[in-house]
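Spelled out, the chains give:
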Amino acid sequence: MKQITVISGKGGTGKTTLVGSFAALVENKVIVDCDVDAPDLHLLLHPEIIKKEEFKGVKVAVIDKTLCSECGTCEETCRFNAIASTEESGYAVNPARCEGCGACVFTCPQEAVTLKERVSGYAFISKTNYGTMVHAQLNIAEEASGKLVTVVRNNAQQVAEKEGCELILIDGSPGIGCPVIASLAGVDLALIVTEPTMSGLHDLERIMDVTRHFGIASAVCINKYDINEENSKRITEFCRQRGIQVVGNIPYDSVVTEAMVAGMPVVEFAEGVVSDAIKVVWDGIN
Amino acid sequence: MGRTMQQNGEPMIIAVASGKGGTGKTTVAVNLALSLSNVQLMDCDVEEPNSHIFLNPVIEEIKPAYTLVPRVNYDLCDYCGKCAAACEYNALVAVPQKEVMLFPELCHGCGLCSLVCPQDAISEEPREIGVIKTGKSGDGNVDLVYGVLNIGEIMATPLIDQVKADLDPEKTVIIDVSPGTACPVIAAVQGSDYCILVTEPTPFGLYDLRLAVEVLRVLKIPFGMVINKAGIGDRKVYEYCEKEGIPILLEIPHDTRIARYYSEGVPFVKAMPEWKERFAGIIDKVLL
Ligand code: SF4
Ligand code: SF4
Ligand code: SF4
Ligand code: SF4
């Protein structure tokens, strides 16, 4: 079984457009959305949820006001600025900042603080016209997106084994931090989607450092390559120096947005230069 | 010279955020900064900081940023395992009579283990997670502070907090926030007087925008919308803003010249100065 993650460093480079199209092109796979923070793939694939599972991430501290003596020890202990007092309501925890470490529970002389579990999001297993899809939604203002990504990855593995799939196709998350690292762990290939802009080049360099750091084989695809062909050449040259293959160049075309508005993978929405280029990219990574 | 953003005589802190990445958040932050005077731009998108690409800054200072990790003094440790049992993140494993192993990438630097240890065997030492760079834009008009997270590092939030510690209270501060709605976004946005949300008028843009709106409502920070690449996609973002009573502060058209300047790393207000007044005009709408 092969696992491929499509990532971009920066968001908005067309990663989800590509994954949506691959989902329509390839047979016998599990489709995975690891962008649990701001997932978009479902807008193209219209999953019908068949299993929904609560995700408990980090815990949250809660102060029992009837026990609290307003001594302020907890506020001093908390390294994450999650506790503050106001005149109206006394000492209280800001759940958006609390990392559930439990230090305040330990230092409170009145035993007024406890850690409570909280539901931080949901993991889903769904049916789509293109095969089984595994995805999730993190609640807003939550930490632990990396952990939820790991839950999603494990679900994907199980589904793939059960269904005898040869491929796990993963839409990665943006950035280079915790959720990205979790969406790359142990995959066979990272397909990096970039744009020929100065920021695109900069982000590409950062994400390549990440894949190299974790020893993950990579390939690059330049989206909207024709909006700045000098920059596209620069990216190709940069990849050549790093020994990484550019597997395809996708031209800019308004058909991509039109397909998104129609809620369809672009290769299904219309034939043409973009769909042809996406097929070339897919062949290039196989 | 240009304008400043003030509220009750105090300079304002304006966050620029977007649910989805790549919607033009950095474009808005940089061009707004260049359209005002007495500005500090803080790039809190520490995973992929991009503002500096557009500002060609002269860097004046680079300082490392740290979190604290425990260090065990084995002359005192009796391998009781209380530290490992207390750690909520499983960052410590006590091996009897041998060692207390730390997995630094799991450690949040909360300090609980050192509080818990009955032998006082745990002290804390700094571990570098990234760097903070400070400087001025090439033209000298914008102060820039930005954080760069080390490769392979997962703790973005403490780095963001440390970038924000350099906030200059004498200036209008513009914060470039990382995409999404999770912890790093909260850390960057919190404490702002206003948030500008940047979106594109597409289904992806709308879905992620709704999540960002929820976050700002929870944090009780007033906000308005800048629509980038206006003209592509559909009208749903506009309908949503209308229905929710969210003001549209500015529309930036989908324009090949603007896209070209962006791709070259040029802030488009420099090449198209008529846009400076439009960006500065956001203030009047923010203060309503
Ligand atoms: S440490 Fe305990 S008693 Fe003191 S203010 Fe905090 S919750 Fe209240
Ligand atoms: S659990 Fe940790 S992060 Fe949460 S309030 Fe207590 S000390 Fe702060
Ligand atoms: S709590 Fe202190 S004494 Fe016990 S294992 Fe940890 S470091 Fe050693
Ligand atoms: S500082 Fe906190 S997170 Fe780090 S090892 Fe100690 S208890 Fe665990």
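Just so it is clear, the model here is predicted, and its values are computed rather than measured.

Cut-offs and rules
- Residue numbering note: each chain is counted from 1, following its sequence as written.
- In the order they appear in the text, chains get letters beginning with A and ligands get numbers beginning with 1.
- Owing to the predicted nature of the model, reporting of local features is limited to residues with pLDDT of at least 70; listing and counting of side-chain atom pairs is limited to 80 or more, with chain, interface and lining totals taken over all residues.
- Hydrogens are left out, water is left out, and the side-chain values use all remaining heavy atoms of the structure.
- Domain start and stop positions are those given by an automatic or database domain assignment.
- Strands qualify as paired when DSSP identifies two bridges or more between them.
- Helix and strand definitions here come from DSSP, where helices need a minimum of 4 consecutive H or I residues and strands a minimum of 2 consecutive E residues; each element is numbered from the N-terminal end.
- Note on definitions: angles span 0 to 180 degrees between N-to-C directions of axes, and those axes are lines fitted to C-alpha atoms, for helices only across the stretch in contact.
- Here, two residues are considered to be in contact whenever any of their heavy atoms come within 4.5 Å of each other.
- Nearness is defined per residue: one heavy atom within 4 Å of the molecule or strand is enough.
- Classes in brief: Ala, Val, Leu, Ile, Met, Phe, Trp, Tyr, Cys and Pro nonpolar; Asp, Glu, Lys and Arg charged; the others, Gly included, polar.
- The criterion is simple. A nonpolar core is a set of buried Ala, Val, Leu, Ile, Met, Phe, Trp, Tyr and Cys residues joined through side-chain atoms within 4.5 Å.
- Burial classes follow relative accessibility: with a 1.4 Å probe on protein chains only, a residue under 20% of its type's maximum area counts as buried, one over 50% as exposed, and anything between as partly exposed.

### Quick word on the domain arrangement of chain A
1) Next: If you check the domain split of chain A, you get domain 1 (2-56 + 121-285) and domain 2 (60-117).
2) Next: Distance from the C-alpha centre of domain 1 of chain A to the C-alpha centre of domain 2 of chain A: 40 Å.

### A short note on the sheet that holds strand 8 (residues 119-128) of chain A
Strand pairing in a sheet takes place through backbone hydrogen bonds and is either antiparallel or parallel in direction.
Residues and elements named next belong to chain A.
1) Next: Read from one edge to the other, the open sheet built from nine strands follows the order 3-8-9-2-10-1-11-12-13, with strand pairing classed as mixed. The two strands at the open ends of the sheet, each matched to only one other strand, are strand 3 (48-56) and strand 13 (245-250). Strand after strand, the sheet turns through a mean of 20° between neighbouring axes, direction not considered.
2) Next: Bridge analysis of strand 1 (residues 2-7) against strand 10 (residues 167-171) gives five bridges, and the strand direction is parallel. In the strand pairing of strand 10, Ile4 is matched with Leu169.
3) Next: Across the sheet, helix 5 (residues 145-163) lies against strand 1, strand 2 (29-33), strand 3, strand 8, strand 9 (131-138) and strand 10, angled at about 165° from strand 9, the strand it touches most.
4) Next: Against the sheet, helix 8 (residues 229-242) contacts strand 11 (189-194), strand 12 (218-223) and strand 13, and its axis sits at roughly 175° relative to strand 12.

### Focus on the site of ligand 3
1) Next: Inspection of the region around ligand 3 gives Cys77(B), Asp78(B), Tyr79(B), Cys80(B), Gly81(B), Cys83(B), Val100(B), Cys117(B), Pro118(B), Gln119(B) and Ile122(B) as its neighbouring residues.
2) Next: Residue classes in the shell around ligand 3 are distributed as eight nonpolar, two polar and one charged.

### A short note on the nonpolar core
1) Next: If you look at the biggest cluster of nonpolar residues, it comprises 45 residues, and the most contacted ones within it are Ile175(B), Val177(B), Val189(B), Cys195(B), Leu197(B) and Leu209(B).
2) Next: Sort the elements by how many residues they give to this core and helix 7 (residues 203-219) of chain B lands first, with seven residues.
3) Next: Look past the residues within four positions of Cys195(B) in its chain and what remains in contact with it is Ala15(B), Ala17(B), Leu216(B), Ile221(B), Pro222(B), Phe223(B) and Gly224(B).
4) Next: Listed in part, the 40 residues of the second largest apolar core include Val187(A), Ile207(A), Met208(A) and Ile235(A).

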